[in-house]
Amino acid sequence: MGYLQLMGFGPDGWGSDMLRATGMTVAVASSGFAIGLVFGCLGATASFSKSLALQAAASSYTTALRGIPDLLVIYLFYFGSSSLISGVGSLFGSDGFVSAPAFLTGALAIGVVSGAYQTQVLRGAVLALNKGEIEAGRAYGMGYFLLFRRIILPQAARHALPGVGNVWQLVLKESALISVIGLVELMRQAQVGSGSTRQPFSFYLTAAALYLLITFISGQAFRLAEARSMRGLRRGV
Amino acid sequence: MPFDPLFLWQTFIALLAGIPLALKLAVFSIAVGTVLAFSLALMRVSRRWWLDFPARFYIFSFRGTPLLVQIYIIYYGLSQFPGLRHSLLWPFLREAYWCALAALALNTAAYSAEIMRGGLLSVPAGQIEAARACGMARVLVFRRIIIPQAIRQMLPGYSNEVILMVKSTSLASTITLMEITGMAAKLISETYRPVEVFACAGAIYLTMNFIAARLFALIEWSLWPERRKTRGPVDLADQKGELHV
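Residues numbered from 1 in each chain as written. Chains lettered and ligands numbered in written order. Predicted model: local features only at pLDDT ≥ 70, side-chain atom pairs only at ≥ 80, totals over all residues.

Peer 1: Got a sec to walk through the overall build of chain A? Specific residues and values, please.
Peer 2: Scanning chain A for helices and strands turns up nine helices and zero strands. In chain A, the succession of helices and strands from N to C terminus is α-α-α-α-α-α-α-α-α. Of all 237 residues assigned to chain A, the portion counted as buried reaches 41%. Counting contacts in chain A only where the partners sit at least 6 residues apart, residues at least 24 apart contribute 72% of the total. (Helix = DSSP H or I, 4+ residues; strand = E, 2+ residues; numbered from the N terminus. Buried ≥ 20, exposed ≤ 12 C-beta atoms within 10 Å, placed from the backbone. Contact = placed C-beta atoms within 7 Å.)

Peer 1: If you had to explain the overall build of chain B to someone new, which residues and values would you point to?
Peer 2: Summing up its helical and strand segments, chain B has 11 helices and zero strands in all. Along its sequence from the N terminus, chain B presents helices and strands in the succession α-α-α-α-α-α-α-α-α-α-α. A principal-axis box enclosing the C-alpha atoms of chain B has dimensions of 70 × 60 × 25 Å. Relative to its full complement of 245 residues, chain B shows a buried share of 39%.

Peer 1: Explain helix 7 (residues 144–174) of chain A to me, using residue names and the numbers behind them.
Peer 2: Residues and elements named next belong to chain A. Taking 1.5 Å per residue, 31 residues should reach 45 Å; helix 7 reaches only 36 Å between its end C-alpha atoms and comes up short. At L161, helix 7 shows its largest bend, some 50°, and a proline, P162, comes one to four positions later. Looking at helix 7, one finds that the buried residues are A156, A160, L161, G163, V164, V167, W168, L170, V171, L172, K173 and E174. (Expected span 1.5 Å × (residues − 1). Bend = angle between axes of the 7 residues up to and from the residue.)

Peer 1: Help me get a handle on the interface of chain A and chain B, residues and values and all.
Peer 2: Listed as interface residues are 36 residues of chain A and, on the opposing side, 34 residues of chain B. Of all elements in the fold, only helix 3 (52–67), helix 4 (70–91), helix 5 (102–127), helix 7, helix 8 (186–197) and helix 9 (200–229) of chain A reach the threshold of two or more residues within the side of chain A that touches chain B. Among the elements that line the side of chain A that touches chain B, the one with the most residues is helix 9 of chain A, at 10 residues. Class assignment of the residues belonging to the side of chain A that touches chain B gives a composition of 25 nonpolar, 10 polar and one charged. (Nonpolar A, V, L, I, M, F, W, Y, C, P; charged D, E, K, R; others polar.)

Peer 1: So what about the nonpolar core? Which residues, and what values?
Peer 2: I74, Y75 and A207 of chain A together with V69, I71, A184 and A201 of chain B are the most contacted members of the largest nonpolar core, which totals 121 residues. Residue contributions to this core peak at 13 residues, all from helix 7 (residues 96–121) of chain B. Look past the residues within four positions of I71 of chain B in its chain and what remains in contact with it is C99, A100, A103, L171, T174 and I175 of chain B. (Core = buried A, V, L, I, M, F, W, Y, C linked by C-beta atoms within 7 Å.)

Peer 1: Can you break down the packing of helix 4 of chain A against helix 10 (residues 180–191) of chain B residue by residue, with the values?
Peer 2: Contact pair helix 4 of chain A / helix 10 of chain B: the axes reach a minimum separation of 10 Å and the direction vectors enclose 5°. Judged on the interaxial angle alone, helix 10 of chain B and helix 4 of chain A are roughly parallel. On helix 10 of chain B, the residues touching L71, L72, Y75 and F79 of chain A of helix 4 of chain A are T181, A184, A185 and I188 of chain B. When its residues are assigned to classes, the contact of helix 4 of chain A with helix 10 of chain B shows seven nonpolar, one polar and no charged. (Axes fitted to C-alpha atoms, helices over the stretch in contact; angles between N-to-C directions. Parallel < 35°, antiparallel > 145°, perpendicular 65-115°, else oblique.)

Peer 1: Would you mind going over the confidence of the model for chain A in detail, with residue names and values included?
Peer 2: Of all residues in chain A, 97% have pLDDT values of 70 or greater, and the mean over the chain is 91. Helix 1 (residues 3–6) of chain A is the least confidently modelled element of chain A, averaging 85 in pLDDT, while helix 2 (residues 15–48) of chain A averages 95, the highest of any element. (pLDDT = per-residue confidence, 0-100.)

Peer 1: Please set out the environment of A136 of chain A residue by residue, giving values where relevant.
Peer 2: Residue and element names in this part refer to chain A. By the secondary structure assignment, A136 is in helix 6 (residues 131–139). The exposure class of A136 is partly exposed, given the 13 C-beta atoms found within 10 Å. In the structure, A136 is positioned 87 residues away from S49 in sequence and 20 Å away in space, judged by C-alpha atoms.

Peer 1: Before we move on, can you summarise unusual backbone geometry with the specific residues and values?
Peer 2: Residue and element names in this part refer to chain B. Positive phi values are uncommon outside glycine, yet T176 reaches one of about 75°. Its location among the elements puts T176 in the loop between helix 9 (138–168) and helix 10. Looking at T176, the number of C-beta atoms within 10 Å reads 11, which means it is exposed.

Peer 1: Give me the packing of helix 1 (residues 5–16) of chain B against helix 10 of chain B: which residues, what numbers.
Peer 2: Residue and element names in this part refer to chain B. Two elements in contact, helix 1 and helix 10, have axes whose closest approach is 9 Å; the angle formed by their N-to-C orientations is 140°. Taken as axis vectors, helix 1 and helix 10 run oblique relative to one another. Both helix 1 and helix 10 take part in a crossing whose hand is right-handed. Between helix 1, through T11, A14 and L15, and helix 10, the contact on the second element is made entirely by I180, M183, A184 and L187. (Left-handed = near helix turned anticlockwise from the far one by under 90°.)

Peer 1: I'd love a proper account of the environment of T11 of chain B, names of residues and values included.
Peer 2: Residues and elements named next belong to chain B. Within the secondary structure, T11 is located in helix 1. Given 23 C-beta atoms within a 10 Å radius, T11 is considered buried. When the C-alpha positions of T11 and C200 are compared, they lie 6.9 Å apart, and in sequence the two are 189 residues distant. Aside from chain neighbours lying at most four places away, what touches T11 is L187, E196, V197 and C200.

Peer 1: Please set out the confidence of the model for chain B residue by residue, giving values where relevant.
Peer 2: Residues and elements named next belong to chain B. Put simply, chain B has an average pLDDT of 89, and 92% of its residues get 70 or more. Across residues 234–245, confidence stays below pLDDT 50; counting only partners more than four residues off in sequence or on other chains, it has 23 contacts. Among the scores for the predicted complex, ipTM is 0.90 and pTM is 0.89.

Below, the structure written as structure tokens:
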């Protein structure tokens, strides 16, 4: 069977399966990215807090999660939540291993990992703000939330955008690891396809091309957003 | 789940056996990847489109796809071609170890090439002009002026890349290699005690990465005398922390 027929949309073509799997990859990566943003905001806020305990928590969170392989974290979340669910299940009389939902645990795992990177990005973005502006805002009598909404957020978002784009690319590529816990995303679908057709190269190369397409499109989107966020600013260099 | 120091200790000892393989993968792939990356970086700054373009394409495709897909293409994918299966390369391509090594090296080459390019471009044009004006030949300029400064510039980024590579060796476990993560996954499925096993494996990775980061801080300290403070290499480690993906 030729390549075009194999990846086509005909009766024995795998085109629609691969496209559906691509959608799943985008879905799980977006969820992970969103969770990561939440963790990143929490982490960055904690790192700026006056409490030493919170600062230490934020810094050990970023150090640990950036130093441990993502695959290991995915295993922890998958097997951890599975044994938790099995434990709860055994209370209600079911016995044996109940596996955790792969989408949820996978998204959570890459969310927690990317949150560590996101913390660093957001922290850097806030640190890049002009201190005088914050003092000026305070001097005007702005409360914390008003100051955050009017002064900090708009400018920090602009500074953070390139780094956030990097983290998105990272999350997208990490999402391939969720295939090891059985979620049928692009990587898993390619495995299934190559298993039943014995054409692994065609499938993995197609998967690679689809990943490349997503990273390219989202990269362009982030570049546009960056350019848009910079409008009205004079560039020094 | 009761706290069980004995189990933790046994797990830790069992996982230690995975370190040599992980280190071998990391060191060799970084060594090969660095050589490749240097050629790619030279191609990128060559100002000749027929050198620049292939390097650009290589970097784009390896940085735009997951490492896992690269590993699978090399390990599972290449077997699709009967020609390759009967070639001299097959004894290597059949082995998961060589495939993982190749994939890791090709992958890190793409990332390191961009780091090196940044380092090369950071050398001020005035210095290169001055060296040329002093009568230095291109190769001498490269050796005396560009390389020493480029290396210093790229060290923080390169140290991040090395840490990422140590982490990336964990993917070798997906093609049956029993390094630290592979052993951890096996232990988890045997004992159903994911938290303890994870803690042990995580501690090993953190230690390895900590040592790598300190080594690079030390190199940076020794190569950058004017930035040295009185307290020694510990200070420099805090200056990086930029994101490299």
